[in-house]
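Remarks on the overall topology
If you want the building blocks of each chain, they are given just below.
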Amino acid sequence: MTEQYVWDLHRLDETQIAVVGGKGAHLGGLSRIEGVRVPAGFCVTTDAFRRILAEAPSIGDRLDELSRLSPDDRPAIRALSATIRRTIEGIVVPDDLAAAILRALAGLGERAAYAVRSSATAEDLPTASFAGQQDTYLNVVGPTSVLQHVSRCWASLFTERAVTYRQRNGIDHRAVHMAVVVQQMVFPDAAGVLFTADPVTGNRKVATVDASFGLGEALVAGLVNPDVFRVRDGGIVVRTVAAKQRAVHPLPDGGTREVAVDPQRQEQPALTDAQVVRLVQLGRRIEAHFGRPQDIEWCLVDGDFQIVQSRPVTTLFPIPAAARDGENHVYLSVGHQQMMTDPMKPLGISVWQLTAMAPMHEAGGRLFVDATRNLASPASRAGFLEMVGRSDPLTRDALETVLDRDDFVLSLLDRDDFVRSLADAGPGRPPAGGPPAPIETDPAIVAELIARSQASVAALRRDIRTKTGPELFDFLLKAFQEHKRLLGDPLSMQAIMAGMAATWWLNDQLQEWLGEKNAADTLTLSAPDNVTSEMGLALLDVADVIRPHPEVVAFLHGVEDEAFLDELPKLPGGTEARAAIAAYLDRYGMRCVGEIDITRPRWSERPRTLVPLILDNVRNFAPGAAAQRFAQGRQKAQEKEQDVLSRLRALPDGERKAAETKRMIDRVRTFIGYREYPKYGIVSRYFVYKQALLHEADRLVRADVLAEREDIFYLTFQELHDVVRAHSVDDRLIQQRREAFRSYHALTPPRVLTSDGEAVTGAYRRDDVPAGALVGLPVSVGTVEGRARVVLDLTEAEIEAGDILVTAYTDPSWSPLFVAVAGLVTEVGGLMTHGAVIAREYGLPAVVGVPDATRLIRDGQRIRVHGTDGYVEILS
């Protein structure tokens, strides 16, 4: 019976995590790789841990209490986890379990020294490493001490750091169990860590070795600066040898101590170049076995390497599957263009892929487009970089960094592809065959395009109503083709490009002629036909209906669920309030944060999302604010136009310059508002698709095929089609997808990603900003000073008049908040992305693309936003 408690390492492999935890399973797998030496040992299984917990029933109550705590409630977590640890360490190891451990020790040699190491079932996983969260004890001498340290390892499942890590990663404390690895202690000449991929850049072809004298504990604990070797394709490319004054060595009676390194050895490298190359070759063999980059702990003993741990590197951003063809590729983030860098669920990814104008490649729950052909073609490269640079200078700089490596993107001299920028990923982009032909400056064109879009959505709603089962999916595949046809409508693209080109012309020419930066920002204030800016102003009108009714306002302050609309008519003024909100939802209810992901809840599905915004408008604005703001913007634009034209006429050849500028002003005001409409059309169609798919999901739930309707979000469109046809689903696949999606939130998507896995970081190469200022892209002129409100969740925004919004990104759903703020700072964005367009519409000074803005600017600090020159000063 006791065999279930102790297993020899050589009996294990990586499939047995549930029995021996992540570390034990990986060590067992390592021991099976030819040429890899692993110190002999055994594993005390999770069955032993469960038996120990059964000795103290009170722990179950403590775990229930722990699960109810927030991960930010550090004092309570600290106190409760300490109580659980003391309880576990106080349990006497049962005689039969202790005997099994002692028999295994005898097989290793009772007088030997051991390493006793925690091995949790949620440890060393592809999506969560738990590195350093549980305890390891080195140079443990004697059977009694081994048993004592096994108990300490069990208890270390509930260190404060381990508990907090699990809570932040959504892992149930009861679902995790602890095994313990006991191995013969090795006494190395040198030890350290090998990453088979560069942990900083993510480059899979560059390995990094950290090495120091003595036990690796000195390096892990940060007691010494290690030697660092970067190795590419078998050769060392960077070598940094540190002065090593301290090392950690074992004590004869157990434990470890710091010792001084012989002065004659302090400047010597811990490894020779040949040893480094051999170690990396060994690491590549281990990486191939486990199928992903590894974080490997190694020891050098008598000139040979022993491996004491290998875990997946969980912080690397994945590489698109399309990159596995052996060719070099350069990928650009779609999320940075679409202002939604959060991960998307599988259904959202697949629907976007099926409806996009360019091929999309998924990695880490995000989408990327392959820019390699544009970069490789001399004919298209300059135009492509110009297009990207106008949108996002950081992306352009990253691309130029890649191009500076002459051997990565090979020139295709015989290719003459037209510039297909990242913007192909979304609406309103140039067709592959060449730039759109110019069109007349005629407002009727925009009216016609809007009417076409509205008619198409109406037809979709009408025709989809009767479709169910496999017929629905056949219908949707045809609808997706219509969707793409609308996006590729040449007239629509001409209108969008006309507005963008006129904006660029005005900014470039007026800076050259008048020395004025970004003059188009003022000239486009209150431009007509901008559905996104209209959406923000329309919510001011909703506030006007609600403001006169104090009972309604008080009721909205207490709203806690989505049924509040049905309760409103019971209040004085509630019928009018409900009608105003319902009318707003009829027009804009398909929108939401992250709306490019069809699985995200729409405002019509969660109308409570709008309540804080409505209440902010009630508090911060007077009646009639929407019409007043629009009129003020239009007046400022007209005054700016008169000012610019007057100053131009005073210049040499001024009449010609003024006439050309007037034509461009008319052109930009005619077309720039339409820039937002194709996205509105996409999202309108997406909501129709989603409602139909959810109705199908409800049928699957009623038929006991699915556990809940939202399960479909973790299937691709084709997989869902298959489920509907077969009336059968793989529940394990859905669970795996849920766990993967959760893990993707910890990853930061790069703007530029290579097929080597390198996340290439761009920089603003400017020296014209004050010291300490945060640099970004100027997208809306003006300077404003105020309180920073750092908002990461739209539903938690509490804005006062004069506040400056600081956030990671803004998509169209944030525009109702723009009416209440005085300025805007975002981490992501470009000159023509939605946040920039709406900031200009509302006349808000704005700087976007500010790296780490939400971390570097604290909520409540006073800041100054220089929207004309593109930087932010932190004042207090």
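Residues numbered from 1 in each chain as written. Predicted model: local features only at pLDDT ≥ 70, side-chain atom pairs only at ≥ 80, totals over all residues. Heavy atoms only, no water.

Turning our eyes to something else, we now look at the packing of aromatic side chains. With the rule as written, the count across this model stands at 14 aromatic pairs. Centroid distance phenylalanine 317 to phenylalanine 368: 5.7 Å. Interplanar angle 70°. Geometry classified as edge-to-face. Of this pair, phenylalanine 317 sits in the loop between strand S13 (304-312) and strand S14 (330-333) while phenylalanine 368 sits in strand S16 (residues 366-370), and the two are 51 residues apart along the sequence. Ring-pair connections join several aromatic residues into one group, and the members of that group are Trp352, Phe473, Phe480, Tyr686, Tyr689 and Phe717. Residue placement shows arginine 11 over the ring face of tryptophan 7; its charged tip is 4.0 Å from the ring centre. In this structure, arginine 629 is placed above the aromatic ring of tyrosine 842, and the distance from its NZ or CZ to the ring centre is 5.8 Å. (Phe/Tyr/Trp six-rings, centres within 6.5 Å; stacked < 30°, edge-to-face > 60°. Helix = DSSP H or I, 4+ residues; strand = E, 2+ residues; numbered from the N terminus. Lys NZ or Arg CZ within 6 Å of the ring centre and 35° of its normal.)

Here we come to the nonpolar core. Formed by 96 residues in total, the largest nonpolar core has its most connected members in Leu510, Ile546, Leu556, Ile581 and Tyr584. Here this core gets 12 residues from one element, more than from any other, and that element is helix H17 (residues 490-514). For isoleucine 546, the contacting residues outside a window of four places in its chain are Val552, Val553, Leu556, Ala577, Ile581, Ile614 and Val618. Judged by nonpolar contacts, the second largest core, of 64 residues, contains Phe473, Phe475, Phe713 and Val723. (Core = buried A, V, L, I, M, F, W, Y, C linked by side-chain atoms within 4.5 Å. Buried < 20%, exposed > 50% of the residue type's maximum accessible area, 1.4 Å probe, protein only. Contact = heavy atoms within 4.5 Å.)

Two elements in contact, helix H15 (residues 443-464) and H17, have axes separated by 10 Å at closest approach and are oriented at 130°. Taken as axis vectors, H15 and H17 run oblique relative to one another. Judged by the twist between their axes, the crossing of H15 over H17 is left-handed. Contacts from Ile445, Glu448, Leu449 and Arg452 of H15 reach H17 at Leu491, Ser492 and Ala495. Residues that form the contact of H15 with H17 fall into these classes: four nonpolar, one polar and two charged. (Axes fitted to C-alpha atoms, helices over the stretch in contact; angles between N-to-C directions. Parallel < 35°, antiparallel > 145°, perpendicular 65-115°, else oblique. Left-handed = near helix turned anticlockwise from the far one by under 90°. Nonpolar A, V, L, I, M, F, W, Y, C, P; charged D, E, K, R; others polar.)

Our focus in this paragraph is the sheet that holds strand S18 (residues 759-760). In space, the five strands of this open sheet follow the order S15-S16-S14-S17-S18, with antiparallel pairing throughout. Strands with a single pairing partner mark the edges of an open sheet, and in this sheet they are strand S15 (361-363) and S18. In this structure, S15 lies alongside S16, joined through three bridges in antiparallel fashion. Its bridge partner lying in S16, alanine 363 is registered against arginine 366. (Pairing = 2+ DSSP bridges.)

Before going further, it helps to spend a moment on the environment of aspartate 869. Counting through the fold element by element, aspartate 869 comes out in the loop between strand S25 (862-866) and strand S26 (871-874). Sequence separation of aspartate 869 and valine 769 is 100 residues, and the distance between their C-alpha atoms is 8.3 Å. If near-sequence neighbours (up to four positions away) are discounted, aspartate 869 is found in contact with Lys517, Arg766 and Pro778.

A word on the pairing of strand S3 (residues 113-120). Most of S3 sits inside the fold, with eight of its eight residues counted as buried. Neither face of S3 is exposed, since Ala113, Ala115, Arg117 and Ser119 on one face and Tyr114, Val116, Ser118 and Ala120 on the opposite face are all buried. One ladder, built from four bridges, connects S3 with strand S4 (residues 136-141); its direction is antiparallel. The residue bridging valine 116 from the neighbouring strand is tyrosine 137, located in S4. Pairing of S3 with strand S5 (residues 178-184), which is carried by seven bridges, proceeds in the antiparallel orientation. Residue alanine 115 lies in a different strand from S5, and its bridge partner there is glutamine 183.

Bringing helix H2 (residues 46-54) into the picture now. Counting along an α-helix, one turn takes 3.6 residues, and residues three or four places apart therefore face a common direction. Of all the residues in H2, the buried ones are Thr46, Ala48, Phe49, Ile52 and Leu53. Along the long axis of H2, the arc covered by the buried residues comes to 155°, so they all point the same way. (Arc of directions from axis to C-beta.)

Relative to the assigned elements, alanine 382 resides in helix H13 (residues 378-391). In this structure the C-alpha to C-alpha distance between alanine 382 and glycine 762, which are 380 residues apart in sequence, comes to 18 Å.

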